[in-house]
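Architecture and fold: a report
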Amino acid sequence: MKKTIVSLVTILLIGLFSCPIVANASDSNADNVLAMMNEYRASYGLGALTMDDGLTDVASVRAVECSQKFSHIRPNGQAWYTVSSLTNGENLAHAENYNQQKPENVVLAWMLSPGHSANVLRKSYSTAGIYYYQADSGEIFIACEFR
């Protein structure tokens, strides 16, 4: 049984990291990320997040910045929250291939990270802005800003 689980996880990881990237940085990805985060929130008895245009604008700035320096520290050396007074929390993702950029994998990665899942499940958050940015390299950078 243990070997079977290890084999399945290995196959999953190989698939995540070996598929070529396909540009698909559409609004539907952001909407699907929001829907999947809301599924997790509902399972914890929390209200749904709604998409916020102002936070989406902030997320677009952070996604572009992350293509220069993937970090919660901005390229100018300042902390992520200095990007705008609108945001109270931030989740980031970096996708090097198609499978990594899929909304279900982005949200799963966040839910497996204690800090990122805390943002998704923070009771005080009611809105989010999500942005997918494709760099010239083809890599995708995803930013989610919360309030």
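Look up a bit, the structure's there.
Now for a look at the structure at hand. (Residues numbered from 1 in each chain as written. Predicted model: local features only at pLDDT ≥ 70, side-chain atom pairs only at ≥ 80, totals over all residues. Heavy atoms only, no water.)

1. Comments concerning the environment of Ser117
For clarity, the cut-off: Strands are runs of DSSP state E lasting at least two residues, helices are runs of H or I lasting at least four, and both sets are numbered from the N terminus onward. Per-residue accessibility, obtained with a 1.4 Å probe over protein chains only, is compared with the maximum for each type, and a residue is labelled buried under 20%, exposed over 50%, and partly exposed between these values. Any pair of residues with heavy atoms lying within 4.5 Å of one another is described as a contacting pair.
Within the element layout of this structure, Ser117 appears in helix H6 (residues 114-120). When its relative accessible area of 14% is taken as the criterion, Ser117 is described as buried. It is 8.8 Å that separates the C-alpha atoms of Ser117 and Val107, two residues lying ten residues apart in sequence. When neighbours within four sequence positions are excluded, Ser117 is seen to be in contact with Trp110 and Met111.

2. Points about the pattern of salt bridges
Applicable threshold: By definition, a salt bridge exists where a carboxyl oxygen of Asp or Glu is found within 4 Å of a side-chain nitrogen of Lys or Arg.
Per the stated rule, a full pass over the model turns up five salt bridges. Residues Arg147 and Asp52 are paired through a salt bridge, measuring 2.9 Å at the closest nitrogen-oxygen approach. One end of the pair, Arg147, is in the segment after strand E4 (140-146); the other, Asp52, is in the loop between strand E1 (50-51) and helix H3 (53-68), and 95 residues separate them in sequence. Residue classification places Arg147 among the partly exposed residues on the basis of a relative accessible area of 27%. The exposure class of Asp52 is buried, given its relative accessible area of 16%.

3. Quick word on the pairing of strand E3 (residues 127-134)
Test applied: When DSSP finds two or more bridges between a pair of strands, those strands are recorded as paired.
Note: E1 against E3, two bridges, orientation parallel. Each residue of the ladder has a partner; that of Met51, found in E3, is Ala128. Pairing geometry for E3 and E4, over seven bridges, is antiparallel. When the sheet's bridge partners are listed, Tyr131 is paired in E4 with Ala143. The hairpin formed by E3 and E4 contains five residues between the paired strands, and Gly138 there has a positive phi angle of roughly 95°.

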